[in-house]
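Summary of the model geometry
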Amino acid sequence: MTTPDPNENYTDAALRIGDVDPYPQRLVGEFIGIVTRNDWVNDEYKHVVLKVHEHATKAYAGQMFHLLCPSPDGAEVWMRRPMSVYRVDKTAGEVEFLYKSEGRGTRGMATLQPGDEFNIAGPLGVGFKLQPSWKNIVVLGRGVGLATLAPLSQLAAENGVGVTAILSARHEGVVMSKELFDDLGAHTITVLDSDGSSDVENVERILETLIAQGKTDAFFTCGSNRLLKLMQRLGKKHGIPGQVAMEQIMVCGFGACYVCVRTFEVDGKRVLKRVCRDGPVFNMQEAVGW
Amino acid sequence: MVDLTVKIGDITLQNPVQPASGAFSWEYNDVIDLNRLGALVAKTICREPRLGNPTPRMAETEAGIIQSIGLPGKGIEYFVEHIVPEYARFTPPLVVSVSSESIEDFAALAEELSVPDVDVIEANISCPTRNATGGNFAMHEDYTRDCITAIRAKTRKPLWVKLSPNAGDIVSIARAAEDAGADALVIANTFLSLKIRTDNFRPALGNKFGGLVSPALKPIVLRMVYQVAKAVKIPIIGIGGVTKAEDVVEYMLAGATAVGIGYAGFRNPTALISIIDDLAAWCDERGIKKVTELIGAVRDQDMEMDTLNAASAGV
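Treat the numbers as computed from the prediction; the structure is a model and nothing was measured.

**Side note on the overall build of chain B**
For chain B, the helix and strand inventory stands at 9 helices and 14 strands. Taking 2.2 N^0.38 as the reference for a compact globule, 315 residues should give roughly 20 Å; the C-alpha atoms of chain B span a radius of gyration of 19 Å, in line with that estimate. Here chain B, with 315 residues, has 59% of them falling under the buried criterion. With the model as given, the accessible surface of chain B reaches about 12900 Å², and the carbon-plus-sulfur share is 52%. Measuring between centres, the 30 positive side-chain charges of chain B sit 3 Å from its 39 negative side-chain charges.

Given below as structure tokens:
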């Protein structure tokens, strides 16, 4: 028998459920969650639920976790993947993500089975914020962007704020987050490419109606450049504030490496901001789009 | 309990583990206790405010990530006024990395950075995406000597010099830096790399070239540290692919006094702390009283380098 190679001792200091935190003042942790389910919700999207250390459940709407995804193909997945949290259940000690199995990271994530360990770091970044004066908000999202907007329904419900959610998708089969919005009392409107109702002109008519009804104290969007442009235009026209969640290729997650920058326009000047730390939620009017 | 302290010139580090410049900021205090690190190493600062390179700034390859950031920053005045105080709240020594395209400006910057809260100046003469006469002076022995001589004349702070793994003969360049007055050598910066997308035939990074950041660097940089350690008398900080305590041990055996960590802190934000803890445990298990016992302790003196004998030896 050969002696074990001492160089095989890789470090693993992430917090597991019930661990005493040696650095309790931390804002961000590295956690090993246990997968309780990882199910397909349709042909393209999966929903993963993780039991986690209680500190991880401090995440709020719009914040992200940096996910150390398993490999889908035998080669290494080197960097973590940032993903906004879909739902937090403090009582159950769970965080949830809704994702499209698409790139190598999410395809690896799709292989997770109940009982598997999954290393996540977070919560990261600045999420959605509700002003006390807002009584009704409008959420407009498309595709996987709706997963990012979904926890707003929870936040709004907790604050007694009414929500109208306009959910845009290619066809009925891939409308995301509708149940979550419905369950929390949001008024949902589905618009589809398949019947033409997702056209910008139609969405604009819907928004103008809501504005006329006084249901638009603030706008929220994620996942579509043309919907962002539409909300920016209407927001400017009617003086409605807004927030947008952005994404970018990311490395460190703490603001140190400057990989995840995007262009924003602040007071007429173009600047770069870090999605990981200055965002991922930004003032809608400052976003330049993509 | 092992004594983990190491000395780099006049600077004492409580342990030999520090972050690599560019892979770290005080903002990591959100996730780890910065007071536990051997040193704090700021991102390279330039004189002028810089936006940095176009995105994408990172791409994954089969052998690690390549990245090209372009030294973004708000310029030296903002740095001294606002960033240095962010680091000064913590106890480990502050290493300030600096870069410039001209030797004169490099020296002037080093002088301006020689403020009380700065403990060490790290001359980043090896940014891989700058050219040999425009900041990447570590590509040539003479440029290195001229640049470090000029900086040495303008600052009394401990001066560490970050070398390039892209130069042909790193040993000669290390000697030139030592001759010119460097107090320590940081080996090494990232490896100049390229990725081309096969879907659109375009380079994957907005700046075309990037530096490879990966555990794959460890055996190559370890070899460089080993070679340089045999040729110079000043301490070496080894940087490249450290992901666990045994990697720190390996670098120290090769002749390094300390290590810098980039990649591992990206992948596991708590990695630096666990590597420090694991290093102490590793030493304790072996009865090592002082971590400095490891420096240059590689057992290679009896190696015959005889191919025929080696090939016929029993396994």
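**Remarks on the pairing of strand β6 (residues 94-100) of chain A**
Note on strand geometry: in a regular strand, side chains alternate between the two faces of the sheet. Residues and elements named next belong to chain A. Buried residues dominate β6, accounting for 6 of its 7 residues. Pairing of strand β2 (residues 45-51) with β6 involves 7 bridges; the strand directions are antiparallel. The residue bridging L50 from the neighbouring strand is V95, located in β6. As paired elements, strand β5 (residues 87-89) and β6 share 3 bridges and run antiparallel to each other. Paired with D89 across the bridge in β6 is E94. What sits between the antiparallel neighbours β5 and β6 is a turn of 4 residues, in which G93 has the positive phi angle 70°.

**Focus: the nonpolar core**
Formed by 150 residues in total, the largest nonpolar core has its most connected members in L207 of chain A together with Y28, L185 and I187 of chain B. Counting 32 residues, the second largest nonpolar core, distinct from the first, contains L149, A169, V175 and A218 of chain A.

**Things to note about the packing of aromatic side chains**
A full pass over the atoms with the stated rule returns 10 aromatic pairs over all chains. Between F65 of chain A and F97 of chain A, the aromatic rings sit 5.9 Å apart at their centres with planes inclined by 90°, giving edge-to-face as the arrangement. You can see F65 of chain A sitting in strand β3 (residues 64-68) and its partner F97 of chain A sitting in strand β6, a full 32 residues away along the chain. No difference in accessibility class separates F65 of chain A from F97 of chain A, as the two residues are buried. Among the aromatic residues, those joined into a ring-pair cluster are F254 of chain A together with F24, W26, Y28 and Y87 of chain B. Against the face of F264 of chain A rests K273 of chain A, its NZ or CZ located 5.9 Å from the ring centre.

**With respect to the interface of chain B and chain A**
Taken together, the 41 residues of chain B in the interface contact 37 residues of chain A. When chain B packs against chain A, the two sides together hide about 3400 Å² of surface, and 56% of this comes from carbon and sulfur. It is D30, E60 and R267 of chain B in chain B that bury the most area against chain A; as a group they hold 20% of the surface buried on that side. For the pair chain B and chain A, the number of links is 5 salt bridges. Notably, a salt bridge pairs R267 of chain B with E76 of chain A, separated by 3.4 Å at the nearest N-O pair. Of all elements in the fold, only β5 (58-61), β6 (64-67), α6 (245-254), α7 (263-267) and α8 (271-285) of chain B reach the threshold of two or more residues within the side of chain B that touches chain A. For the side of chain B that touches chain A, a count of residues per class yields 17 nonpolar, 12 polar and 12 charged.

**Side note on the sheet that holds strand β9 (residues 159-162) of chain B**
Residue and element names in this part refer to chain B. The strand order across the open sheet formed by 8 strands is β3-β14-β13-β10-β9-β8-β7-β4, and the pairing between neighbours is parallel. For this open sheet the edge positions go to β3 (17-19) and β4 (40-41), each flanked by a neighbour on one side alone. As judged from the 4 bridges shared by strand β8 (residues 120-124) and β9, these two strands associate in the parallel manner. Bridge pairing links N124 to K162 in β9. In the packing of helix α3 (residues 141-152) onto the sheet, the strands contacted are β8 and β9, and the crossing angle to β9 comes to about 160°.

**Considerations on the domain arrangement of chain A**
All names here are of chain A. Domains assigned within chain A are domain 1 (29-124), domain 2 (126-243) and domain 3 (246-290). Each of domain 1 and domain 2 has a C-alpha centre, and the two are 24 Å apart. Interface area, domain 1 with domain 2, both sides summed: about 1400 Å², of which 59% is carbon and sulfur. Counting across the domain 1 and domain 2 interface gives 1 salt bridge.

**Quick look at helix α4 (residues 200-212) of chain A**
Helical periodicity: at 3.6 residues per turn, an α-helix aligns residues three or four positions apart in one direction. All names here are of chain A. Taking 1.5 Å of rise per residue, 13 residues should cover 18 Å, and α4 covers 18 Å from first to last C-alpha, within 8% of that figure. Among the residues of α4, those classed as buried are V200, V203, I206, L207, L210 and I211. An end-on view of α4 places all buried positions within 140° of arc, on one side of the element. For α4, the exposed residues lying more than 90 degrees away from the buried face are E201, R205 and A212.

**Some remarks on the sheet that holds β3 of chain A**
Residue and element names in this part refer to chain A. With antiparallel pairing, the 7 strands of this open sheet are ordered in space as β4-β3-β7-β1-β2-β6-β5. Sheet topology places β4 (81-84) and β5 at the edges, where each strand pairs with a single neighbour. Taken pair by pair, the neighbouring strands of this sheet meet at an average axis angle of 35°, ignoring direction.

Cut-offs used in this document
Throughout, a residue's number is its position along its own chain's written sequence, starting from 1. For this description, chains carry letters from A and ligands carry numbers from 1, given in the order in which they are written. Confidence filtering applies because this is a predicted model: local features only for residues at pLDDT of at least 70, side-chain atom pairs given and counted only at 80 or more, and all residues used for totals across whole chains, interfaces and linings. Where side-chain values are given, they derive from all heavy atoms of the structure, hydrogens and water being excluded. A run of H or I in DSSP counts as a helix once it spans at least four residues, and a run of E counts as a strand once it spans at least two, with each numbered from the N terminus. Radius of gyration here uses only the C-alpha atoms, and the compact-globule reference equals 2.2 Å multiplied by the residue count raised to the power 0.38. Exposure is judged per residue with a 1.4 Å probe applied to protein chains only, and the accessible area is read against the type maximum: over 50% gives exposed, under 20% gives buried, and values in between give partly exposed. Shrake-Rupley sampling with a 1.4 Å probe provides the accessible areas, and residues are treated as covered by the protein chains on show and by no other component. For the purpose of charge, His is not counted, nor are the chain termini; Lys and Arg are scored as positive and Asp and Glu as negative. Every charge is mapped to an atom, namely NZ of Lys, CZ of Arg, CG of Asp or CD of Glu. Only strands that DSSP links by at least two bridges are regarded as paired with each other. Among buried residues, the Ala, Val, Leu, Ile, Met, Phe, Trp, Tyr and Cys ones that are joined through side-chain atoms within 4.5 Å form a nonpolar core. The pairing test for Phe, Tyr and Trp rings, Trp by its six-membered ring, is centres within 6.5 Å, and the orientation test on the planes gives stacked under 30 degrees, edge-to-face over 60, and tilted for anything in between. By definition here, charges over rings are those cases where NZ of Lys or CZ of Arg is within 6 Å of the ring centre and within 35 degrees of the ring normal. Should any heavy atoms of two residues lie within 4.5 Å, those residues are considered in contact. The quantity reported as buried area is the accessible area (1.4 Å probe) lost by two parts once they are put together, taken as the sum for both. What makes a salt bridge here is a side-chain nitrogen of Lys or Arg within 4 Å of a carboxyl oxygen of Asp or Glu, nothing more. Each residue is assigned to one of three groups, with Ala, Val, Leu, Ile, Met, Phe, Trp, Tyr, Cys and Pro labelled nonpolar, Asp, Glu, Lys and Arg labelled charged, and all others, Gly among them, labelled polar. For helices, the fitted axis covers only the stretch in contact; all axes are lines through C-alpha atoms, and the angles between them, taken along N-to-C directions, range from 0 to 180 degrees. The split of the chain into domains comes from an automatic or database domain assignment. By definition here, a helix of n residues has an expected span of 1.5 Å times n minus one. Here the arc refers to the set of directions running from the helix axis out to each C-beta atom.

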